[in-house]
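Structural characterization, general
The lines below spell out each chain.
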Amino acid sequence: GQQVMQIPQYQHVQEGEDFTTYCNSSTTLSNIQWYKQRPGGHPVFLIQLVKSGEVKKQKRLTFQFGEAKKNSSLHITATQTTDVGTYFCAPRGSYIPTFGRGTSLIVHP
Amino acid sequence: DAGVTQSPTHLIKTRGQQVTLRCSPKSGHDTVSWYQQALGQGPQFIFQYYEEEERQRGNFPDRFSGHQFPNYSSELNVNALLLGDSALYLCASSSRDSHQPQHFGDGTRLSIL
């Protein structure tokens with residue numbers, strides 16, 4: 001399967017601060033999906049990126065796919081306590097589905 | 001419209017025993033994938049079933065086996081349980097189109113004593 005590396009592993013922020021997690025691959029990805037897993041919950045699909053350089057927004061969340069389709073990022077503006085959870089990137093396509101280790105976001109009120 | 005349902009929610013077994021976990025996919029989905037998620041880790045792909053056959057498999061030993069039924073529901077069987085098999089087992093369903101997102105169930109928390 002396609003391996004991805006996510007950084008950072010953990011991120012502590014004060015409520016209202018911004019947050020970014022990065023997903024890097026050594027190989028070109030056909031597409032990438034992002035999931036969020038709340039503590040004690042299951043992964044929930046957030047978005048899929050397919051095109052080189054693609055940028056998609058969901059309210060305070062901005063997702064980017066790199067020009068070379070080897071990296072992706074998720075940026076959250078003005079974090080809220082409801083943003084707490086682990087964010088996973090996952091390449092999708094004909095390959096074995098692979099999840100990164102995830103970035104755990106901790107928001108302090 | 002029910003989402004992905006898994007049973008049981010929790011299970012405690014001892015080393016050497018066998019376990020069967022069950023999954024019903026979201027309505028309209030025909031593909032089921034199983035994942036193992038250890039504490040603090042991302043989900044690790046075990047295998048995927050489509051048309052009642054195992055289509056893809058991750059790096060898991062033969063102790064892990066599965067089945068898909070004509071109604072698309074699926075079972076995950078694990079034989080000769082080891083302490084290291086303790087984890088959250090997630091089932092995800094999707095349509096055959098590999099570009100479609102996966103919908104996850106709440107998982108089965110398996111503890112091996």
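Every value quoted in this text rests on a predicted model; they were computed, and no experiment measured them.

1. As for the overall build of chain B
- On a plain count of helices and strands, chain B comes out with 0 helices and 11 strands.
- When the elements of chain B are put in sequence order from the N terminus, they spell out β-β-β-β-β-β-β-β-β-β-β.
- Taken against the 2.2 N^0.38 rule, which gives 13 Å for 113 residues, the C-alpha radius of gyration of chain B at 13 Å falls within 12% of a compact globule.
- Oriented by its inertia axes, the alpha-carbon framework of chain B measures out at about 40 × 25 × 25 Å.
- Buried residues in chain B amount to 49% of all 113 residues.
- In chain B, 53% of the contacts between residues at least 6 apart in sequence involve partners at least 24 apart.
- Entry remark: accessible area of chain B is about 5,400 Å², with carbon and sulfur atoms responsible for 47%.
- Positive and negative side-chain charges in chain B, numbering 9 and 11 respectively, have mean positions lying 9 Å apart.

2. Considerations on the overall build of chain A
- A tally of regular secondary structure across chain A gives 0 helices and 10 strands.
- What you see in chain A, going N to C, is helices and strands ordered as β-β-β-β-β-β-β-β-β-β.
- For chain A, the C-alpha radius of gyration of 13 Å lies close to 13 Å, the compact-globule estimate for 109 residues.
- If you line up chain A on its principal axes, its C-alpha atoms span 40 × 25 × 20 Å.
- Taken over 109 residues, chain A has a buried fraction of 48%.
- Restricting the contact set of chain A to residue pairs at least 6 apart, pairs at least 24 apart contribute 54%.
- Accessible surface, chain A as shown: approximately 5,200 Å² in total, 53% of it carbon and sulfur.

3. Some details on the state of the cysteines
- Under the counting rule described, the total for this entry stands at 2 disulfides over all chains.
- Two residues share a disulfide in this structure: Cys-23 of chain A and Cys-89 of chain A, whose sulfurs sit 2.0 Å from each other. Note on the Cys-23 of chain A and Cys-89 of chain A pair: the S-S dihedral is about 75°, so by sign convention the disulfide is right-handed. Within this pair, whereas Cys-23 of chain A is found in strand β3 (residues 19–25), its partner Cys-89 of chain A is found in strand β9 (residues 85–92), the two being separated by 66 residues in sequence.
- The side chain of Cys-23 of chain B participates in a disulfide bridge whose partner is Cys-91 of chain B; the two sulfur atoms lie 1.8 Å from each other. Every disulfide takes its handedness from the sign of the S-S torsion; for Cys-23 of chain B and Cys-91 of chain B that torsion is -60°, giving left-handed. Linking Cys-23 of chain B in strand β3 (residues 19–24) with Cys-91 of chain B in strand β9 (residues 87–94), this pair joins segments that are 68 residues apart in sequence.
- When its relative accessible area of 2% is taken as the criterion, Cys-23 of chain B is described as buried.
- A relative accessible area of 0% places Cys-91 of chain B in the buried class.

4. Here's the deal with the sheet that holds β3 of chain A
All names here are of chain A.
- Read across the sheet, 5 strands follow the order β1-β3-β8-β7-β6 without closing on themselves; strand pairing throughout is antiparallel. Looking at the sheet topology across the chains shown, the edges are occupied by β1 (4–7) and β6 (55–58). Sheet twist, expressed as the average angle between the axes of neighbouring strands with direction ignored, equals 15°.

5. Here's the deal with the interface of chain B and chain A
- Counting residues at the interface gives 21 residues for chain B, matched by 19 residues for chain A.
- For the interface between chain B and chain A, the tally reads 0 salt bridges.
- Along the contact surface separating chain B from chain A lie 3 residue pairs in polar contact (both at pLDDT 80 or more).
- Listed by contribution, the elements that provide at least two residues to the side of chain B that touches chain A are β4 (31–37), β6 (53–57) and β9 of chain B.
- Looking at the side of chain B that touches chain A, the element that brings in the most residues is β9 of chain B, giving 3 residues.

6. Thoughts on the packing of aromatic side chains
- Per the counting criterion, the structure on display carries 12 aromatic pairs over all chains.
- Aromatic side chains Phe-19 of chain A and Tyr-87 of chain A sit 5.9 Å apart centroid to centroid with 45° between the ring planes, which places their arrangement in the tilted category. Residue Phe-19 of chain A is found in strand β3, and its partner Tyr-87 of chain A is found in strand β9; the two are separated by 68 residues along the sequence. As far as the burial class goes, Phe-19 of chain A and Tyr-87 of chain A line up, both buried.
- Between the aromatic rings of Tyr-35 of chain B and Phe-104 of chain B, the centroid separation amounts to 5.5 Å while the plane-to-plane angle is 45°, which identifies the pairing as tilted. Residue Tyr-35 of chain B is located in strand β4, and its partner Phe-104 of chain B is located in strand β10 (residues 103–104); the two are separated by 69 residues in the primary sequence. The burial state of Tyr-35 of chain B is the same as that of Phe-104 of chain B; both residues are buried.
- Connected via pairs of aromatic rings, a cluster forms that spans Tyr-35, Phe-45, Phe-88 and Phe-99 of chain A together with Tyr-35, Phe-45 and Phe-104 of chain B.

Thresholds applied
Residue numbers run consecutively from 1 along every chain, following the written order of its sequence. Think of it this way: whatever chain is written first is A, whatever ligand is written first is 1, and the rest follow in order. The predicted nature of this model means local features are confined to residues of pLDDT at least 70 and side-chain atom pairs, given and counted, to a pLDDT of 80 or more, with totals for whole chains, interfaces and linings taken over all residues. The side-chain values count all of the structure's non-hydrogen atoms but skip hydrogen atoms and water molecules. To qualify as a helix, a DSSP run of H or I must reach at least 4 residues; to qualify as a strand, a run of E must reach at least 2; elements of each kind are numbered from the N terminus. We take the radius of gyration over the C-alpha atoms and set the globule estimate at 2.2 Å times the residue count to the 0.38 power. Three exposure classes are used, based on accessible area relative to the maximum for each residue type with a 1.4 Å probe and protein chains only: buried under 20%, partly exposed in between, and exposed over 50%. Whether two residues are in contact is decided by their heavy atoms: any pair within 4.5 Å suffices. Shrake-Rupley sampling with a 1.4 Å probe provides the accessible areas, and residues are treated as covered by the protein chains on show and by no other component. For this count, His and the chain ends are skipped, Lys and Arg are scored as positive, and Asp and Glu as negative. Charged side chains are reduced to one point each, which is NZ for Lys, CZ for Arg, CG for Asp and CD for Glu. What counts as a disulfide here is a pair of cysteine sulfur atoms lying within 2.5 Å. By definition, two strands form a pair when at least two bridges between them are found by DSSP. The axes are straight lines fitted to the C-alpha atoms, using for helices just the contacting stretch, and the angles between their N-to-C directions are given from 0 to 180°. Here a salt bridge means any side-chain nitrogen of Lys or Arg lying within 4 Å of a carboxyl oxygen belonging to Asp or Glu. In protein, a polar contact requires one atom able to donate a hydrogen and another able to accept it; more generally it is a pair of N or O atoms within 3.5 Å, and residues adjacent in sequence count only if both atoms are side-chain atoms. In this analysis, rings of Phe, Tyr and Trp, with Trp reduced to its six-membered ring, are considered paired at centre separations within 6.5 Å, and the interplanar angle assigns stacked below 30 degrees, edge-to-face beyond 60, and tilted for intermediate values.

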